Amino acid sequence: VQEDIGEPQAIELAQQLNESMGNLTTPDYRQGTAHIGVSHFTRGDKLADVLERADSALSVASQSAARWQLADRVEWIQSNELWREQLDEVIHAGKVQFACQSIKAETGDTLYQECFARFYLQDDHQRIPTSQLIPASERLRFAPSLDKIIVTRLLDKLATTSTRLGLNLSAYSLADEAFCEWLTQQLKAHQHLCHRLVIEISESHLMQFNQQLLSLR
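None of these values were measured; they are calculated from a predicted model.

Rules behind the numbers
Residues numbered from 1 in each chain as written. Predicted model: local features only at pLDDT ≥ 70, side-chain atom pairs only at ≥ 80, totals over all residues. Heavy atoms only, no water. Helix = DSSP H or I, 4+ residues; strand = E, 2+ residues; numbered from the N terminus. Contact = heavy atoms within 4.5 Å. Buried < 20%, exposed > 50% of the residue type's maximum accessible area, 1.4 Å probe, protein only. Core = buried A, V, L, I, M, F, W, Y, C linked by side-chain atoms within 4.5 Å. Pairing = 2+ DSSP bridges. Disulfide = S-S within 2.5 Å. Salt bridge = Lys/Arg side-chain N within 4 Å of Asp/Glu carboxyl O. Axes fitted to C-alpha atoms, helices over the stretch in contact; angles between N-to-C directions. Parallel < 35°, antiparallel > 145°, perpendicular 65-115°, else oblique. Nonpolar A, V, L, I, M, F, W, Y, C, P; charged D, E, K, R; others polar. Expected span 1.5 Å × (residues − 1). Arc of directions from axis to C-beta.

Undergrad: Can you help me understand the environment of Lys-148 in this one?
TA: Relative to the helices and strands, Lys-148 resides in helix H5 (residues 143-158). Linking Lys-148 and Gly-94, residues 54 residues apart in sequence, is a C-alpha distance of 9.3 Å. Leaving out residues up to four positions away in the same chain, Lys-148 has contacts with Phe-179 and Trp-182.

Undergrad: What is the right way to read unusual backbone geometry from this model?
TA: Glycine aside, negative phi is the norm for most residues, and most peptide bonds take the trans geometry. Of note in the backbone geometry, Arg-141 takes a positive phi value of approximately 65° without being a glycine. Turning to its location among the elements, Arg-141 is positioned in the loop between helix H4 (130-139) and H5. Its relative accessible area of 77% is what places Arg-141 among the exposed residues.

Undergrad: Whenever I open this one, the nonpolar core confuses me. Can you help?
TA: Soluble globular proteins tend to pack their nonpolar side chains together in the buried interior. Within the largest apolar cluster, 30 residues are counted, with the highest numbers of intra-cluster contacts made by Phe-119, Leu-133, Val-151, Leu-167, Leu-169, Leu-183 and Leu-197. Of all the secondary structure elements, the ones that give two or more residues to this core are helix H3 (80-93), strand S4 (110-120), H4, H5, strand S6 (165-168) and helix H7 (177-189). Here this core takes seven residues from H5, the largest share from any one element.

Undergrad: Any chance you could explain the pairing of S4 here in plain terms?
TA: In the case of a regular strand, side chains alternate between the two sheet surfaces. Of the strand pairs in this sheet, strand S3 (residues 97-104) and S4 are connected by eight bridges, and their pairing is antiparallel. What sits directly across from Gln-97, in S4, is Arg-118. Connecting S3 to the next strand, S4, in antiparallel fashion are five residues, including Gly-108 with a positive phi near 95°. Pairing between S4 and S6: two bridges, direction parallel. Bridge assignment links Glu-114 to a residue of S6, and that residue is Gly-166. By the bridge criterion, two bridges tie S4 to strand S5 (residues 127-128) in an arrangement that is antiparallel. Note on S5: the bridge partner recorded for Phe-119 is Ile-128.

Undergrad: Is there a simple way to think about the state of the cysteines in this case?
TA: Here is the idea: a disulfide is a covalent bond, and it sits between the sulfur atoms of two cysteines. Following the criterion strictly, the structure yields zero disulfides and no others. This cysteine, Cys-100, is not joined by any disulfide, and Cys-115 carries the nearest cysteine sulfur, 3.4 Å off. The class for Cys-100 is partly exposed, based on a relative accessible area of 40%.

Undergrad: Is there a simple way to think about the pattern of salt bridges in this case?
TA: For side chains of opposite charge, pairing can occur when their charged atoms come near one another. Under the criterion given, the structure shown has one salt bridge. One salt bridge connects Arg-153 with Asp-156, and the closest N-O pair in it is separated by 3.1 Å. A residue pair is termed a helical-turn pair when its members lie 3 or 4 positions apart in one helix, as Arg-153 and Asp-156 do in helix H5 at three residues. Among the residues examined, Asp-156 registers a relative accessible area of 40% and is labelled partly exposed.

Undergrad: Even after reading the chapter, I still don't get the environment of Gln-132, so can you show me in this structure?
TA: Residue position: Gln-132 is located in helix H4. Judged by relative accessible area, Gln-132 falls into the buried class, the value being 3%. Residues Gln-132 and Ser-59 lie 73 residues apart in sequence; the distance between their C-alpha atoms is 6.1 Å.

Undergrad: Even after reading the chapter, I still don't get the packing of helix H2 (residues 47-61) against H4, so can you show me in this structure?
TA: Two packed helices can be described by the angle between their axes and the distance between those axes. Where H2 contacts H4, the axes come no closer than 8 Å and their chain directions differ by 105°. Here H4 runs roughly perpendicular to H2, going by the angle between their axes. Facing H2, whose interface residues are Asp-55, Ser-59 and Val-60, H4 presents Ser-131, Gln-132, Pro-135 and Arg-139. Here the contact of H2 with H4 is composed, by residue class, of two nonpolar, three polar and two charged.

Undergrad: What should I look at first to understand helix H1 (residues 7-22) in this one?
TA: Each full turn of the α-helix corresponds to 3.6 residues, which orients residues three or four apart in the same direction. The terminal C-alpha atoms of H1 lie 22 Å apart, and with 16 residues this matches the ideal 22 Å at 1.5 Å per residue to within 8%. Within the sequence span of H1, burial applies to Ala-10, Ile-11, Ala-14 and Asn-18. Looking straight down H1, one finds that the buried residues subtend no more than 100° of arc, so they occupy a single side. Opposite its buried face, H1 presents the exposed residues Pro-8 and Glu-19, each directed more than 90 degrees away. Looking at the buried side of H1, the elements it contacts are strand S1 (36-38) and strand S2 (68-70).

This is the structure:
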C-alpha cells in the first residue's frame, strides 16, 4: 500500500517491482515469477471494491508480456460472482467465434491458421475481453468446460474448410484428467480431421504435463 502517489509514480513502482521479480525468474517460469495488479484507492473506498479492481488488473497482467497492469486501464472490472454468471452463460450457449492469424514458416509459406476464440454476451452481443475471460475461467475453475466448447467448435470449423487450424489449450485443462480423457475421445471420433488440427503447447507445459499429453497420441 502506497499513499499519496499518482499514476506516474504507481507505474514506476510497478516497473521496479517487476524488474526485481524478473531477476528471480528461471527458465521454468516462462510467464514470469510474479504478476502485478495495481489499483488506486481514495478515502471512503470499500476494501472489497479496491480488491476487486486489483484482482481484475492482476488477471490482465497474467496474460500480458509486461506482467503488470493498472486497474484504471482495464476494459472490464467486475466481481468473481459476475464472472461466474457470464462463464455459465457462455458455456451454456456454446457459441464461439474465431479470429485467425497465419503462422508462417521461414520460407514465407503458411503452416496453419492459429485460431483465437471470441465470446459475446447473448443479450447485447457485446464481446467479452478474452484477456480477462481466460484468466477468470482459470481462476474460477471453468477452464476445462470453456476449452471443451472451443475444441468442439473448432472441430466443426475444420469440417467445413480444407485449411489447417491451430489453437491453444489452458494449462488448467491439460492438468484435468477428465478433460484429457474427453479430448482423447474427441480426437478418436474425428480422426479424419486430426491431420489438419494443430494444438499449440509451450515447452514448459510439455514438460509439466507430458503424461497427459502422451495419452493423446
